[in-house]
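Here are the chains, one letter per residue:
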Amino acid sequence: AKGAERRAVVHEMMDKYSRLDEEGVEMLERDPDVASPASLGGVQSGDDDRLFSIFFDRKHATNRKTLLVKSAPDLKGTMSCFAGVYTPVCETMWGVIIFLRLSACVGEGGILITLVSILLSTCAVTLTSMSLSAVVTNGKSSDGQGAHFILTRSLGAALGGSISLLYYVGLAVMSAVEIVGVTEALNEILRTEFGIHSLSSSAYVDQIVIGLVLLVLISASTMLSGHLLHIIGTFFIAILLIAYLAGFAGVFATLAGWQVGEMQVLTESGQAHTGFVTGLSAETMASNLGADWGDGWGFGTITTFVFPCFIGILSGANNMQKLRNPNRDIPLGTLGAILTSFSLYTAIVLLMGGLAERVLLKHNYLLFATLAFPHRTVTLCGVLLVGIGAALQLLQEAPSILLHVSTDGIIPILRRLKLDSKVRGRDVKPLLVTMVIAMPFFFVHGLDKIATVVTMCFLLCYAFINFACFLFRLFESVHWRPTFTYYHWSTAFLGFLLNFVIMVTIDWRVTILAVLVASLLALYIRMHGQSQIAGEGTKQLQYQVALDSLLACEAVHNETGEDVNSLQHGDATKWRPSILCIVRTHEEGDEGLMSINQPQLIDFTQELRAKALIIYGSVVVTGEEGKGPTVDHERAEEMRRAIDRNIRLILKKRLCKGFVDVLSAPTELLGTSMLLQTSGLGDLRPNTVVFSFPAQWRRKPT
């Protein structure tokens, strides 16, 4: 409603200024205040002049036709569901791994196990997308900044920031996976088509040299305008669809004898394997149903290659601010892309399993492309372009995530790099950091090893998105009102467990390492990060645990009638000190600044008992005895806030923990009495009072 009201104001201003004649425009240039919206009879609002300065460029207002209108940053985006969600999600999912490893997965694990891996991955990302849609559609979508915003605002700066950073690393490394896949596909094309093993001395050298060159070129391409990048992305999707159509056409053309017969494949080691393309047949499919594991293959290996084909579900959320209707577009586009990808992968697995003998499936990585109709060149070019397109999409997303992490200030070392400083209006530094992170993985021999790192990063991120939704739905806080309702706390928890199950299935050792790295990052952010971001999900969990604990203690107290904190009624061996520390203050200087009399008293209470309840109470004196109030309400509230802030600053500086309770009273004696009676809650009430020794203790009390 507020956004609609603001747009109405802007449109009325635009209409009013579009009718200005040349004399009025000249007056506007000479004295802008004379022609302000209020003076022209515009909408009477205190924000008129500010809105006018935002939406109109006075410097270029030379006549009625050249009055420029700037785009509003908080108006709705312009991207549709297809362009802003469905296309980038599919572009990220449909990588080069589909062409390079899916047939090998069928050859090693058989049709059934490969389908189980695809179904397991689909279930994981579908449950995660449901949780993601619920979190994204809760509240104002214009506040979102993509995956990082979702994680940190749901799980807090420490946990959310660490998972967000691992997600960024996954994106950066996945770009290396796509580029390495392009170099591997290029070597496969040279080997199968021309009998050339590599362009250089070995395929490994090709991977390094060609990979680094492609990384630099693709990274430079991300500096193009957003409109041009969208056109390029659409072009890559179109080429990919043509490649798929040619591949499927070739598969079905085998029924008419296309490419049916004996085929020889030459492996990277120079060993030749001969197999038979039978064409689609039930006998071939039956023979390829079961597994026939080779060296280094297993269900975890298959899942390592299958799951990266589903990693793009956050691409739509990262475009949240550009969408016309994010609450509708993100769930619809993301789930639609998952359904499309699942259908596509399932069709490829079934068709490849019924097409050729197992030896060809194992060793001819480009079998699907080789059988393309009318000519395999179409699909072979598509294989190369699909990896480049996916890498381009990833290298656009990853720097933006890193920039959001740096802007939030949760990691000190990123603040020192000043990643938000622009070079000629472009965010170049985050892109350079992303390139540096991706470069070492070009020196890793074996696509499966790099894919394992990527898979773990994304699975961990997806697991905690489900966990955040689980916390929100379980505790049902008042602010939890998502417009996407097709979810449940059980689906979120199942998604959380399923992602961890897939991690353990792939490699339990790497799973432990990933969790350890995430824990260390969270600990580092908690100790050294200066961001005050509080995750709503974790806050709700802490609040509920604290509330349940207090109510449990209160229930015990109601049953027994005894207070273990009291020495009069309880057992002395069970007594726990709960401290109320009276902090005295005074006004300092002419400006009336509030200062703490004896801050060393705070250190003293911390030394008494590290795990004890400590409440630091202070009194703002608003009057004098027998004279009534001498300080007005506004000044008393200002003093109270200043004292509260000063005590908290001292606690933070000295790494002390405790609660702060500051109140106002006519006299200090009355205020101290109020603190003694009202401080604490339930079992957490002070039973010990600490105050400074009187400064004028020799004076006889009156």
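The model shown is predicted, which means the values in this text are computed figures rather than measured ones. (Residues numbered from 1 in each chain as written. Predicted model: local features only at pLDDT ≥ 70, side-chain atom pairs only at ≥ 80, totals over all residues. Heavy atoms only, no water.)

Novice: Give a description of the overall build of the protein chain that names residues and reports values.
Specialist: A count of helical and extended segments in the protein chain gives 25 helices and 12 strands. Expressed as a percentage of its 702 residues, the buried residues of the protein chain come to 49%. Once local pairs closer than 6 in sequence are excluded, the contacts in the protein chain between residues at least 24 apart make up 79%. As presented, the protein chain carries roughly 34,400 Å² of accessible surface, and 60% of it is formed by carbon and sulfur atoms. (Helix = DSSP H or I, 4+ residues; strand = E, 2+ residues; numbered from the N terminus. Buried < 20%, exposed > 50% of the residue type's maximum accessible area, 1.4 Å probe, protein only. Contact = heavy atoms within 4.5 Å. Areas by Shrake-Rupley, 256 points an atom, 1.4 Å probe, with all protein chains shown as cover.)

Novice: Any details on the packing of aromatic side chains? Residues and values, ideally.
Specialist: Given two aromatic rings, their pairing is described by the distance between the two centres and the angle made by the two planes. Evaluated as defined, the whole model comprises 24 aromatic pairs. Geometrically, the ring pair formed by phenylalanine 307 and tyrosine 462 is tilted, given 6.0 Å between the ring centres and 55 degrees between the ring planes. Taken as a pair, phenylalanine 307 in the loop between helix 11 (299-306) and helix 12 (315-318) and tyrosine 462 in helix 19 (residues 447-475) lie far apart in primary sequence, 155 residues in all. A single burial state applies to phenylalanine 307 and to tyrosine 462, both of which are buried. Taken together through their ring pairs, the aromatic side chains of Phe464, Phe467, Phe470, Trp489, Phe493, Phe496 and Phe500 make up a single cluster. Taking the ring centre of tyrosine 365 as reference, the NZ or CZ of arginine 101 above it sits at 4.4 Å. (Phe/Tyr/Trp six-rings, centres within 6.5 Å; stacked < 30°, edge-to-face > 60°. Lys NZ or Arg CZ within 6 Å of the ring centre and 35° of its normal.)

Novice: A description of the pattern of salt bridges should follow, citing residues and the corresponding values.
Specialist: Applying the stated criterion to the full structure yields 11 salt bridges. The partner of aspartate 292 in a salt bridge is lysine 362, with the nearest N and O atoms 3.2 Å apart. One end of the pair, aspartate 292, is in the loop between helix 10 (282-287) and helix 11; the other, lysine 362, is in helix 14 (residues 358-363), with 70 residues separating them in the sequence. Residue aspartate 292 is classed as partly exposed on the basis of its relative accessible area of 36%. Look at the salt bridges and you will find they share partners, linking Glu108, Asp292 and Lys362 into a network. (Salt bridge = Lys/Arg side-chain N within 4 Å of Asp/Glu carboxyl O.)

Novice: Tell me about the environment of threonine 303, and please be specific about residues and values.
Specialist: Within the secondary structure layout, threonine 303 lies in helix 11. Since its relative accessible area comes to 1%, threonine 303 is described here as buried. Through-space distance from the C-alpha of threonine 303 to that of serine 117 is 5.7 Å; in sequence the pair is 186 residues apart. When near neighbours in sequence (up to four residues on either side) are disregarded, threonine 303 contacts Ser117, Ser121, Pro308, Ile502 and Ile506.

Novice: Now, about helix 21 (residues 508-528): what can you tell me, with residues and values included?
Specialist: An α-helix turns once per 3.6 residues; consequently, residues spaced three or four apart project the same way. Its 21 residues give helix 21 an end-to-end C-alpha distance of 30 Å, which sits within 8% of 30 Å, the value for a rise of 1.5 Å per residue. Buried residues of helix 21: Thr511, Ala514, Ala518, Ala522 and Ile525, and no others. The buried residues of helix 21 all sit within an arc of 70 degrees when viewed along its axis, so they share a single face. Among the exposed residues of helix 21, those oriented more than 90 degrees off its buried face are Arg509, Ile512, Leu513, Leu520 and Met527. The inward-facing, buried residues of helix 21 abut helix 7 (157-194), helix 19 and helix 20 (489-506). Here helix 21 starts with a cap whose side-chain oxygen sits 3.0 Å from the backbone nitrogen of arginine 509, and that cap is aspartate 507. (Expected span 1.5 Å × (residues − 1). Arc of directions from axis to C-beta. Polar contact = N/O pair within 3.5 Å; in protein donor to acceptor, adjacent residues only side chain to side chain.)

Novice: Explain the confidence of the model for the protein chain to me, using residue names and the numbers behind them.
Specialist: As a general rule, the predicted coordinates of low-pLDDT regions are not to be interpreted in detail. In this model, the protein chain carries an average pLDDT of 79, and 81% of its residues clear a pLDDT of 70 or more. Per-element mean pLDDT across the protein chain ranges from 34 in strand 2 (residues 68-69) up to 94 in helix 20. Below a pLDDT of 50 lies the segment residues 14-75, which in the model reaches 70 contacts outside its immediate sequence neighbourhood of four places, other chains included. (pLDDT = per-residue confidence, 0-100.)

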